[in-house]
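Coordinate analysis (summary)
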Amino acid sequence: MGIMILLPVILPIIAGLVMLILPIRNDRLRHIVNLIFVLMNSAIAFYAILEHSGESFKFATMYMNFGLTMHIDDAGKIFGLLVASLWPFATIYSYGYMEDEERKETFTAFFTMCFGVVLGIAFASDLLTMFVFYEMLTLVTFPLVMHPMTKGAIKAARFYLIYSLGGASFGLIGLIFLMSGTSVDFVMGGTVKGTELASSVFLLPAFVMAFCGFSVKAAMQPFSKWLTMAAVAPTPVTALLHAVAVVNAGSFACIRLIYYVFGTEVLYGTWAQYTVMILTIVTIIFGSSFAVKEQHLKRRLAYSTISNLSYILFAACIMTEAGLYAAFAHMIMHSVSKIDAFFCNGIIMKKAKKIYVNEMVGLGRKMKITFTCFFIAALSLIGIPMFCGFRSKWMIGTAAVSDGSPLTIVGLIAVLISALLTAIYMMGLMIRAFFPEATAHVFKTREGKPIKELAEAKALEESASLEKGAGFMLVPVILLSAAVIVLAAI
């Protein structure tokens, strides 16, 4: 029954191809068919994870004894459960968000294919299989980034393709190096130790190149430009890129590389560890700093993602058991919090037609559900106790202190600085939204007259709620906000 591991991977890919060839034009029918399929595929994924963990299924031979094999281990369980849990929320949300968009059939087809491809990364048995699905992910998300077909979207898609394929080429270098002297199977502790490769002068350079290559999708500096540019994509795609699929695929690949391929015993304390850790620390500060000054709300959240992804990579680069647990914990907590935040931003864009931070003045009073949920997500991203983001950040701090090396302490300081900056750029937004009077002095000219933003905020007081007709988008947002609180308690 090893084929059960392959089914949740291959079925969405086939379904997406069928939808491209035989599109369903009727929106209602397409939504019903697609949602039933997505829920069914999530159920199959849950079943495979719970009942077939430890089994393997080889479905293709590529070179000598190397082939494409599915296998669910503990790391695959975590990533697979995260993807299978969040994908239905993103699917339901997309129905409301894409209601007035064009080419909805194509969007649904590629969005569905992504589901299977990401599960392929989660369930890959070895580096070669993961690399194949990793490249497939670029190909099926590229059309989604380009979906609006505006000049900005086409440019963003081009950058995304260049960055992703360029990063993959560095990942390929590491793959070829490993295939020349050892197994590329995922084994906790790695497969390099005890082989001739362990003493090779090329070992550490190969690791650094492969890590940097896979970290492109995790938006580590200096490879993060594509992520902020991709903010032009529809919000369901942005949430897909920033919280569920692409960026987590990059983080997951780097974790696999450290703990399941090269192994911490050959990496810990080397210049290679220090190099990649320094890059993650720089990215943590970079993302948060740029988020503070960014006025475009979706791009502000994108910079926040850049910073938080490097929390994950920093924890992984501590190269201890505690660091591994902290990396996976933050992957989960950040995913739930950030997809919630992006969904709230999408409702604001669709219903209030606002995209800049200074346009949020007073919106909290006319979009109470949206901004309450946004507030919950923001508190989690800051790391306030009682919200799930605090738990994972605490685990990162504990792992850093337990390791005790000077560089990990520097990293912990960077995390604390980033948390402070996150409070600044998230709470400033919330104050504008809920308490426009408190910021009234900011929105006045020298003559004391209110400028456009404050005048619009006053006009909002006379208007009706802006959340009418947002049911498809509000339901996932409410449930995800509840998850932010529940995850902090369990």
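See the structure printed just above.
Residues numbered from 1 in each chain as written. Predicted model: local features only at pLDDT ≥ 70, side-chain atom pairs only at ≥ 80, totals over all residues. Heavy atoms only, no water.

In this section: the state of the cysteines. Here the structure, examined in full by the defined rule, presents 0 disulfides. Take cysteine 212: it sits in no disulfide, and the sulfur closest to it among the cysteines is that of cysteine 254, at 8.4 Å. Of all cysteine sulfurs, the one in cysteine 254 lies closest to cysteine 317, which takes part in no disulfide; the gap is 7.6 Å. (Disulfide = S-S within 2.5 Å.)

Quick look at the packing of helix 12 (residues 271-293) against helix 17 (residues 406-434) now. Any two packed helices are characterised by the angle at which their axes cross and by the distance between the axes. Look at helix 12 against helix 17: their axes get within 8 Å of each other, and the N-to-C directions meet at 15 degrees. By the criterion of interaxial angle, the relationship of helix 12 to helix 17 is roughly parallel. For the element pair helix 12 and helix 17, the recorded crossing hand is left-handed. Where helix 12 abuts helix 17, its residues Tyr274, Met277, Ile278, Ile281, Ile284, Ile285, Ser288, Ser289, Ala291 and Val292 lie against Leu407, Thr408, Val410, Gly411, Ala414, Val415, Ile417, Ser418, Leu421, Thr422, Ile424 and Tyr425. Its residues assigned to classes, the contact of helix 12 with helix 17 comprises 16 nonpolar, 6 polar and no charged. (Axes fitted to C-alpha atoms, helices over the stretch in contact; angles between N-to-C directions. Helix = DSSP H or I, 4+ residues; strand = E, 2+ residues; numbered from the N terminus. Parallel < 35°, antiparallel > 145°, perpendicular 65-115°, else oblique. Left-handed = near helix turned anticlockwise from the far one by under 90°. Contact = heavy atoms within 4.5 Å. Nonpolar A, V, L, I, M, F, W, Y, C, P; charged D, E, K, R; others polar.)

Attention now goes to a positive patch on the surface. There is a patch of like positive charges on the surface, built from Lys151, Lys155, Arg158 and Lys225. Looking at the positive patch, the element that brings in the most residues is helix 6 (residues 151-179), giving 3 residues. Tracing the backbone through its elements, the reader meets lysine 155 in helix 6. (Patch = residues over 30% accessible without salt bridge, like charges linked within 9 Å, V, L, I, M, F, W, Y side chains within 5 Å. Areas by Shrake-Rupley, 256 points an atom, 1.4 Å probe, with all protein chains shown as cover. Salt bridge = Lys/Arg side-chain N within 4 Å of Asp/Glu carboxyl O. Lys, Arg positive; Asp, Glu negative; His and termini not counted. Charge placed at Lys NZ, Arg CZ, Asp CG, Glu CD.)

On to the nonpolar core. Generally speaking, nonpolar side chains in soluble globular proteins are found buried as a group. In terms of nonpolar packing, the biggest core is built from 165 residues, with Trp87, Leu127, Phe207, Phe211, Phe262 and Phe374 touching the most fellow members. For phenylalanine 207, the residues in contact, after removing those within four places along its chain, are Leu257, Ile258, Phe262, Leu267, Ala272, Val276 and Met319. (Core = buried A, V, L, I, M, F, W, Y, C linked by side-chain atoms within 4.5 Å. Buried < 20%, exposed > 50% of the residue type's maximum accessible area, 1.4 Å probe, protein only.)

The residue after glutamine 221, namely proline 222, is reached through a cis peptide bond having omega 5 degrees. As for its placement among the helices and strands, proline 222 is situated in the loop between helix 7 (203-214) and helix 8 (225-229). Here the phi dihedral of methionine 319 falls at roughly 60 degrees; this positive angle occurs in a residue that is not glycine. Tracing the sequence through the fold places methionine 319 in the loop between helix 13 (297-317) and helix 14 (321-352). The phi angle at lysine 353 is positive, at roughly 60 degrees, despite the residue not being glycine. Taking the relative accessible area as the measure of exposure, lysine 353 reaches 63% and is therefore exposed.

According to the stated counting rule, one finds 19 aromatic pairs in the structure shown. Consider the rings of tryptophan 87 and phenylalanine 111, whose centres lie 5.6 Å apart with planes at 50 degrees: the pair is tilted. Here tryptophan 87, found in helix 3 (residues 74-97), pairs with phenylalanine 111, found in helix 4 (residues 104-123); they are 24 residues apart in sequence, far enough to count as distant. The buried category is assigned to phenylalanine 111, whose relative accessible area is 4%. One aromatic cluster in this structure is built from Trp87, Phe107, Phe111 and Phe115. The ring of tyrosine 134 has lysine 217 sitting right over it, with the charged end atom 4.2 Å from the ring centre. (Phe/Tyr/Trp six-rings, centres within 6.5 Å; stacked < 30°, edge-to-face > 60°. Lys NZ or Arg CZ within 6 Å of the ring centre and 35° of its normal.)

For asparagine 345, the position within the fold is in helix 14. Setting aside chain neighbours within four positions, we find asparagine 345 in contact with Leu297, Lys298 and Leu301.

Further remarks concern the pattern of salt bridges. Scanning the entire structure with this criterion turns up 7 salt bridges. A single network of salt bridges, built from pairs that share partners, joins Asp27, Arg30 and Lys104.

Among the secondary structure elements, leucine 279 is positioned in helix 12. Using a relative accessible area of 23% as the deciding quantity, one classes leucine 279 as partly exposed. In this structure the C-alpha to C-alpha distance between leucine 279 and glutamine 221, which are 58 residues apart in sequence, comes to 6.5 Å. Contact partners of leucine 279, with chain neighbours within four places excluded, come to Cys212, Met220 and Gln221.

Moving on, we get to helix 12. Taking 1.5 Å of rise per residue, the 23 residues of helix 12 would be expected to cover 33 Å, and the 34 Å separating its terminal C-alpha atoms lies within 8% of that figure. Tucked inside the fold, the buried residues of helix 12 contact helix 7, helix 11 (264-267), helix 13 and helix 17. (Expected span 1.5 Å × (residues − 1).)

Tracing the backbone shows threonine 283 in helix 12. Note on threonine 283: relative accessible area 0%, which makes it buried. Within the structure, threonine 283 has its side chain in polar contact with the backbone nitrogen of glutamine 221 (distance 2.9 Å). In this structure the side chain of threonine 283 is engaged in a polar contact, spanning 2.7 Å, whose partner is the backbone oxygen of leucine 279. (Polar contact = N/O pair within 3.5 Å; in protein donor to acceptor, adjacent residues only side chain to side chain.)

Side chains of Ile10, Ile14, Leu17, Val18, Leu20, Ile21 and Leu22 sit close together on the surface and give an oily, nonpolar patch of about 620 Å² of accessible area. Examined against the element boundaries, isoleucine 10 turns out to sit in helix 1 (residues 3-21). Its relative accessible area of 31% is what places isoleucine 10 among the partly exposed residues.

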